[in-house]
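Given next are the chains, with one letter for each unit.
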Amino acid sequence: MFGLMMDRPLLLSSLLEHAEQQYSDVEIVSRETHGDLFRYTYRDLARRARQLANALAALGMASGSRVATLAWNNHRHLEAYFAVSGSGAVLHTCNPRLHAEQLAYILNHAEDDIVLFDSTFLPLVEAVAPMCPGIRAFVLMTDEAHMPAQSKLQGLLCYETLLATQGDAFTWPEFDERTASSLCFTSGTTGNPKGVLYSHRSTMLHSFALTMPDTLSLSVRDCVLPVVPMFHVNAWGIPYAAPMNGCKLVLPGPRLDGASLFELMEAEGVTCSAGVPTIWLGLAQFMESQGLKPSTMRRSVVGGSAMPQSLIRDFAEKFDVEVRHCWGMTETSPLGTQGVPLAKHAALDAEQQYALRSKQGRAVFGVQLKVVDIDGNALPRDGKSAGELMVRGPWIVSEYFKGEKPALRDGWFPTGDIATIDADGTMQITDRVKDVIKSGGEWISSIDLENAAIAHPALAMAAVIGVKHPKWDERPVLCAVKKPGHEIDEAALLEFLGGKVAKWWLPDQVIFVDSLPMGATGKIQKMDLRQKYADILCGDAVTSNVSTSP
Ligand code: ADP
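Quick caveat, the model's predicted, so the values are computed rather than measured. (Residues numbered from 1 in each chain as written. Predicted model: local features only at pLDDT ≥ 70, side-chain atom pairs only at ≥ 80, totals over all residues. Heavy atoms only, no water.)

**Structural notes on the site of the ligand**
Neighbouring residues of the ligand: 17 residues in total, closest Ser 187, Thr 330, Asp 417, Arg 432 and Lys 523. Between Cys 326 and the ligand, the recorded distance is 2.7 Å, taken from a backbone N or O atom to a nitrogen atom. In this structure, Asp 417 approaches the ligand through a side-chain N or O atom, which is 2.5 Å from an oxygen atom. In the complex, the protein chains occlude 90% of the 570 Å² of accessible area that the ligand would expose alone. (Near = heavy atom within 4 Å. Polar contact = N/O pair within 3.5 Å; in protein donor to acceptor, adjacent residues only side chain to side chain. Areas by Shrake-Rupley, 256 points an atom, 1.4 Å probe, with all protein chains shown as cover.)

In structure tokens, the structure reads:
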């Protein structure tokens with residue numbers, strides 16, 4: 001027997017209509033690409049999204065068309081989010097930090113018809129256009145005053161002029177909630193990038209989860225600043241969750257350095273934010289160097305890579321900001337877990353609480369997790385048995401866009417992460433399958449070593465890679481960046497680590513570098529480091545910190 005409740009589809013356009021009716025004068029503040037701050041309201045957003053829907057329809061956008069964006073977090077990008085998906089077309093957010101060839105590959109693979117882009121990316125789009133003959137229209141997301149005098153792009157259109165020619169009467173169509181809404185490609189560190197095709201239903205359910213008290217805990221009284229880019233995994237869903245909850249939304253445009261973020265947070269009264277650890281490191285260093293503390297910002301969701309315990313402690317104790325450590329990936333929309341300690345942990349001392357918070361946390365409702373051995377058998381939830389993390393749920397990928405291979409194993413998505421899960425369901429990533437260091441038949445967790453190293457007050461960043469070794473197969477090498485004005489040498493760092501990890505885990509070499517290679521999504525590119533230092537331990541005089549078999 002079926003229930004007798006209305007079967008209304010979960011469509012993204014309903015978020016916009018809701019915000020227009022309930023929160024019409026709540027502000028959206030956006031940093032334009034040329035630097036000025038622009039402000040308007042949800043009422044204005046809804047009106048301009050309808051104008052844009054009309055303009056894109058006039059350019060030939062139809063249900064199922066793919067429309068690409070190459071844009072910062074700004075109000076025009078937000079309008080595109082709703083105009084494209086709300087019309088039943090697919091918003092393909094592209095990462096502008098990709099190489100031209102890689103970008104051309106994904107534009108062609110997605111069969112994009114129209115490209116909307118910020119002026120920062122004009123040279124990139126001009127370079128890519130000859131490789132993408134299928135694209136029918138290029139729209140520069142600016143006004144006439146900021147259009148270039150000339151461009152290699154034939155018939156380049158101006159966003160504001162397109163909008164000005166359109167009325168704001170538009171009725172959002174109704175369709176099946178499983179219809180594709182947006183497309184995002186994984187960063188493709190191995191092989192070609194793979195497309196993850198989100199649906200209206202998956203995105204709406206994910207927005208509810210993002211809103212819950214132990215994740216972003218969004219309220220009408222919040223002012224949220226997504227530092228995570230709208231060009232990767234939909235800025236973790238904040239562009240949808242903010243209008244759902246009537247939050248003031250602050251979009252930082254291209255300025256993501258610590259000083260600019262701090263200034264914007266203070267000026268706009270930001271209460272919560274979301275970003276990868278490197279962003280928070282930049283902000284922490286800026287605030288520390290200036291003796292500053294945020295006056296309204298109280299919590300931040302951090303994920304994308306492991307948030308070091310020392311940084312979680314700094315944010316709590318020096319800046320009064322609660323860090324909520326989440327885990328996820330492009331394939332999981334991305335929210336998978338959140339790491340707020342349970343009520344029973346309240347009696348733990350501060351350091352134990354930070355240690356708990358540095359784990360990746362428990363599955364949010366809607367997501368199921370398990371770890372399996374190499375034969376696919378589920379491992380016990382004992383906090384010790386490490387295996388590949390598998391995930392399942394209504395906002396987890398089931399197939400890649402035009403995928404050749406199935407994405408799933410026995411109905412579960414294999415994440416490529418190695419993790420443990422304890423009796424409370426707290427998951428801890430110990431490594432990526434591709435990053436774990438195999439030394440003498442045993443595994444060394446590069447993440448554990450990095451966390452131990454980064455706890456040293458003189459270090460700003462650390463990356464541990466497995467490097468080929470004549471005797472042990474692979475041994476760890478630590479690449480470290482010192483904080484400005486701090487000194488430390490290899491011997492002192494190894495001594496510091498000696499108290500924290502098993503002796504046979506100690507890196508065979510420490511390399512001090514000025515910076516680490518960062519990928520398109522703000523993560524350290526360990527592959528580049530592995531290539532650069534591939535033979536560093538294969539010389540004649542190689543010694544190792546392993547004195548006996550590990
Ligand atoms: P890609 O585009 O490479 O798929 P994602 O942004 O999807 O990039 O990255 C997903 C991966 O990032 C996860 O599989 C995991 O290895 C890592 N990751 C995400 N969040 C965390 C976290 N909180 N701690 C440690 N690693 C994380």
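Next, the rest of the story.
**Topic: the sheet that holds strand 16 (residues 362–363)**
In space, the nine strands of this open sheet follow the order 2-1-11-10-12-13-14-15-16, with mixed pairing throughout. The strands lining the two open edges of the sheet, one partner per strand, are strand 2 (37–41) and strand 16. For strand 12 (residues 272–275) and strand 13 (residues 299–302), the ladder comprises four bridges, and the chain directions are parallel. Looking across to strand 13, one finds that Cys 272 is bridged to Arg 299. Where helix 9 (residues 258–268) meets the sheet, it contacts strand 1 (27–31), strand 2, strand 10 (223–226), strand 11 (248–251) and strand 12, and its direction lies at approximately 160 degrees from that of strand 10. (Pairing = 2+ DSSP bridges. Helix = DSSP H or I, 4+ residues; strand = E, 2+ residues; numbered from the N terminus. Contact = heavy atoms within 4.5 Å. Axes fitted to C-alpha atoms, helices over the stretch in contact; angles between N-to-C directions.)

**As for the packing of aromatic side chains**
One pass over the full model with this rule turns up nine aromatic pairs. Ring geometry for Phe 38 and Tyr 40: centres 5.0 Å apart, planes at 70 degrees, overall edge-to-face. Judged by its relative accessible area of 6%, Tyr 40 falls in the buried class. Between Phe 315 and Phe 319, the aromatic rings sit 5.4 Å apart at their centres with planes inclined by 65 degrees, giving edge-to-face as the arrangement. (Phe/Tyr/Trp six-rings, centres within 6.5 Å; stacked < 30°, edge-to-face > 60°. Buried < 20%, exposed > 50% of the residue type's maximum accessible area, 1.4 Å probe, protein only.)

**Brief notes about the pattern of salt bridges**
For the structure on display, the rule yields 30 salt bridges. Across the salt bridge formed by Arg 39 and Glu 27, the nearest N and O atoms sit 3.2 Å from each other. Linking Arg 39 in strand 2 with Glu 27 in strand 1, this pair joins segments that are 12 residues apart in sequence. Among the ionic pairs, Glu 177 bridges to Arg 201, the shortest N-O distance being 3.4 Å. A residue pair is termed long-range when its members are at least 10 positions apart, and Glu 177 in the loop between helix 6 (159–164) and strand 8 (180–185) and Arg 201 in helix 7 (residues 200–211) qualify at 24 residues. According to the relative accessible area criterion, Arg 201 is partly exposed, its value standing at 32%. Each of Glu 32, Arg 48, Arg 76, Glu 79 and Glu 160 takes part in one network of salt bridges that share partners. (Salt bridge = Lys/Arg side-chain N within 4 Å of Asp/Glu carboxyl O.)

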